[in-house]
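Notes for the structure review
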Amino acid sequence: MQFSSRRKKTGTSLQSELYGQHLQFYGQPPLENISLSEFETFAVERLKLLKTVESLGVSYVKLTDQYKSKLEKELKALNFPYSEFEKRRKDHISHFILRLAYCQTEDLRRWFIQQEVDLFRFRFGDLDPKQQLEFLHKNNLHYVTISSEEKMELKDQLINSSFGISGITVKEHEFYKVPFQDALDLVRSRKVYLKQGYAYIPHQDIVTIVLNDFRTRLSKALALTARSLPAVHSDERLQPLLNHLSHAYVGQDYSIQKNVGKISLDQIDSLSGKSFPLCMRQLHQALRENHHLRHGGRMQYGLFLKGIGLSLEQALQFWKSEFIRGKVDADKFDKAYAYSIRHMFGKEGKRTDYTPYSCMKVILSNPPSQGDHHGCPFRHSDPELLKQKLQVYKVSPSGINQILELVKGMHYQLACQKYFELTHNVSEDAAFSLNHPNQYFVESQKLLGGGKDVKREQETPQRLQENSAPRGPTAAQEVAANSSQHVAEMTEDLDSFFQDA
Amino acid sequence: MPSSDYDPACLPDLLPLYYRRLFPFSQYYRWLSYGGVQKNYFQNREFSFTLKDDIYVRYQSFSTQSELEKEMQKMNPYKIDVGAVYSHRPSQHNTVKSGTFQALEKELVFDIDMTDYDDVRSCCSAADICSKCWTLMTIAIRILDRALRDDFGFQHRLWVYSGRRGVHCWVCDEAARKLSVAARSAVTEYLSLVKGGDETVKKVVLTEPIHPFISNSLDVVKEYFSRYALQDQDLMGNKESVDKVLALVPEDILFLQEFEKEKKPEKRWKLIMTEAKRKQGTTKKGQYFEKEIMLQYCYPRLDANVSKGVNHLLKSPFSVHPKTGRISVPIDVSELDKFDPFSVPTISLICEELDRPRPSEEKETSEDAKEKEDEKDAAEKRKIRDYKRTSLAKYIKCFDQFLDGMARSWKGELLRKSDLQKEF
């Protein structure tokens, strides 16, 4: 892409073919010239879109009606409806700009890929079956179909492998035979029939395969993009904006300790009851009872404690004093456990400063097994045991029922939010969108500490609405010569947009 | 076969003998070089050694079989682990530019440990095993081996006894070695049915439809359930275990009175099955509880972390277990029901057998003669005569058969590669 001021080429024939379809795999980068201001506008608006995709994905189950209608609304509000040529061009260009900003680290890539995949899933699902097939063919995705004889032979297995497949479906619809490595999502959840290394996929599930394909291609592309980054960064016009774009997304990962030393060890017991999310409360209790925690629990709880402000010295003292009460003597602690605590604080080995686990990570990775106490209680505990625990923690019976309903619907973070509301005696509106155990702690402390910060929280949602369409174009009217001031304004805009308390 | 009394204190004396005369280096090298199809495959493989006094060294790598032999005979490791094939020689990883030293390939591996079944076995706990609970390993191998072969199409699966309380599986197909982290994780998830820790009472929940994988696994469990669970583990016998089982039965099942009256384990279980069948005809919820019980008590429990990582290190076949002295030997899956972990030779036994002349040595001369023609190296011949005199022989034979099976695929690969070259 070349950048100059205010010149726009009209679409070449390649482009008009590219934009003939709603959706694309972003295989080819845009070849035209665009203005600097359009560059900025497109990037910011796509980022807002992806941020919306992220927060909707946390609050609603993906692809339910609520999710779909909300996302549809956001797409329109941000000027992304993909039925017009111009908008598809914007889609194309903005995607590639954000690649530049988000290819640099593992975390950034992971986030970008996740949101782009979710967006793609929504848009692909919106196409009718004919359009879907057309898309597949246009993109050279010719999955092999199996013969009628083979279908009949495997009929019972096929029926029992996927939900919603009947004998009639087998007879009338296509089944694709794909190497299992290309259908990992279906394999992982055991929603497909496997034979001799091949997955037999009904047409209705082909979306999963396409998504996998999309994800893989994007991942490879980002790796390639990262290599050409130095050349892009040497362009002074772009560097500040790209830098700011990539810093704006993450929200908080609680890796930078803010209140080191403000918490004393003797406060932890009472804090665990008042301000810890259920997962950490459970871990703390298990630690006190057994004077020990296994590796998974030490990591999850230890990093959380680091996030709330425990210093390395405090952490060592905390763990040691507890372990000594158990079967571990002081020497063994220093030999076997102290190292890993120091490792958590980035003082050993690779010296990576590990970040406290987000809810996503706790829920999705490393499920607990026999003898473990880590994980998310709403996800990993037996509903009966969860109920008992909530009763012990004095949650009202109606509250417990609400929580269990949410758990049944697999809305684990919403269940935890409900737990927050019930234990802090606040109504639903004042709650935030929970995605991190340390966020839970911070919010709880704010509520229990004082009202000052609560006001700021309420302000930002309003500004969200104001900031979407109007400010973009007005900013674009600034003269390009004042680019640095301009970028500063743009970045301020981004800051306020992304200020999750 | 009795194992000579093993004393861990003797390891420093036994290990040198083992590594000089018994460890099957040529078979081991044959395995890990995979026919020489890929350049530097052996050279870029990571090994780790645990030496005396718990000294642990990683990133060991070797250029040739002879270098491997010399190093092992010099260091006499107490434990040997095998890791991944990297982008560069692991022993030189510090000289490589940061970020470019990467694990590229590794066998797909599984680790099944008896301690993970502590909540469902009553005969032993922790590191102990006995013939009663060993059936769990038999069931695990049957279920997983079938799935790896029939569902995933993996042909070359090596099952190994860990030396104390479990088994490992090494899937050596080329496709398996090239699997990404995401793929390994997906395969592991597919194979996992028992989920949850201490906080979870009901660890297996089945919903409609029952996937063919689950039905196939259940078929295996059913073969062993009566003898293993009802007799050996006395599931329906003592009150404590009965209560645990009943905790897994839905609340609306009313058969307790009849259950209490019935004392015979087989009949008690039959009651449960009958109730389950009746429920399956009616409501949709909790209808598969008798299957769920069988699976919770018998289905294999995998250590997912072992299988998911490409760079995870796992105990090597033919390594010694320092606590029990037993050699990690391959398990012959075709004779699975006959496998007895307590008759696996210990290092003390085989070292002792080395010194004893064996009567069957005379009978083997014709085989030896043929091998004399084939083997060029005198040391090789001696080595073969050595291990053949010990109880290790049949296990090395099993390993050889496994390697022969793989060799057929290597031949094909090498031919293909040379064909490609000729075309230029």
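Just so you know, these numbers come straight off a predicted model, no measurement behind them. (Residues numbered from 1 in each chain as written. Chains lettered and ligands numbered in written order. Predicted model: local features only at pLDDT ≥ 70, side-chain atom pairs only at ≥ 80, totals over all residues. Heavy atoms only, no water.)

Looking now at the UniProt feature "binding site: [4Fe-4S] cluster" (unreviewed entry) in chain A. Residue and element names in this part refer to chain A. In this structure's numbering, the residues bearing the UniProt feature "binding site: [4Fe-4S] cluster" (unreviewed entry) are Cys279, Cys359, Cys376 and Cys416. In three dimensions, the annotated residues from a span of 138 residues occupy one location, with a maximal C-alpha spread of 10.0 Å. Mapped onto the secondary structure, cysteine 359 falls in helix H19 (residues 359–364). Apart from the residues lying within four places of it in its own chain, the contact partners of cysteine 359 are Gln413, Leu434, Asn435, His436 and Pro437. Turning to its location among the elements, cysteine 416 is positioned in helix H23 (residues 412–424). Judged by relative accessible area, which is 9%, cysteine 416 ranks as buried. Those residues within four positions of cysteine 416 in sequence are excluded, and the remaining contacts are Pro277, Phe378, Leu434 and Tyr440. (UniProt positions renumbered as here; feature names shortened; annotations may be inferred. Helix = DSSP H or I, 4+ residues; strand = E, 2+ residues; numbered from the N terminus. Contact = heavy atoms within 4.5 Å. Buried < 20%, exposed > 50% of the residue type's maximum accessible area, 1.4 Å probe, protein only.)

Attention now goes to the interface of chain B and chain A. Facing the 36 residues of chain B at the interface are 32 residues of chain A. Interface of chain B and chain A: buried area, both sides summed, is about 2,600 Å²; carbon and sulfur atoms make up 52% of it. Where chain B touches chain A, the interface holds one salt bridge. Its salt-bridge partner being lysine 389 of chain A, residue glutamate 199 of chain B comes within 3.1 Å of it at the nearest N-O pair. For the pair chain B and chain A, the interface holds 13 residue pairs in polar contact (both at pLDDT 80 or more). Of all the elements in the fold, those that place two or more residues in the side of chain B that touches chain A are helix H4 (131–151), helix H6 (181–190) and helix H7 (212–232) of chain B. Residue contributions to the side of chain B that touches chain A peak at seven residues, all from H6 of chain B. For the side of chain B that touches chain A, the per-class residue count stands at 16 nonpolar, nine polar and eleven charged. (Buried area = accessible area lost by both parts, 1.4 Å probe. Salt bridge = Lys/Arg side-chain N within 4 Å of Asp/Glu carboxyl O. Polar contact = N/O pair within 3.5 Å; in protein donor to acceptor, adjacent residues only side chain to side chain. Nonpolar A, V, L, I, M, F, W, Y, C, P; charged D, E, K, R; others polar.)

Below, the discussion takes up the pairing of strand S3 (residues 79–86) of chain B. All names here are of chain B. Buried residues dominate S3, accounting for seven of its eight residues. Sheet topology places strand S1 (residues 45–51) next to S3; five bridges connect them, and they run antiparallel. Each bridged residue has a counterpart across the sheet, and for arginine 45 the counterpart in S3 is valine 85. In this sheet, strand S8 (residues 314–315) lies alongside S3 in antiparallel orientation, the contact comprising two bridges. Each residue of the ladder has a partner; that of aspartate 81, found in S8, is lysine 315. Pairing geometry for S3 and strand S4 (residues 103–105), over two bridges, is antiparallel. Residue pairing for S4: tyrosine 86 is matched across the bridge by alanine 103. (Pairing = 2+ DSSP bridges.)

All names here are of chain B. In space, the three strands of this open sheet follow the order S5-S7-S6, with antiparallel pairing throughout. Of all strands in the sheet, those with a lone pairing partner are strand S5 (108–113) and strand S6 (157–161), marking the two edges. Each strand of the sheet is rotated relative to its neighbour by a mean of 15 degrees, with strand direction disregarded. Bridge analysis of S6 against strand S7 (residues 166–171) gives five bridges, and the strand direction is antiparallel. The residue of S7 that forms the bridge with arginine 157 is valine 171. (Axes fitted to C-alpha atoms, helices over the stretch in contact; angles between N-to-C directions.)

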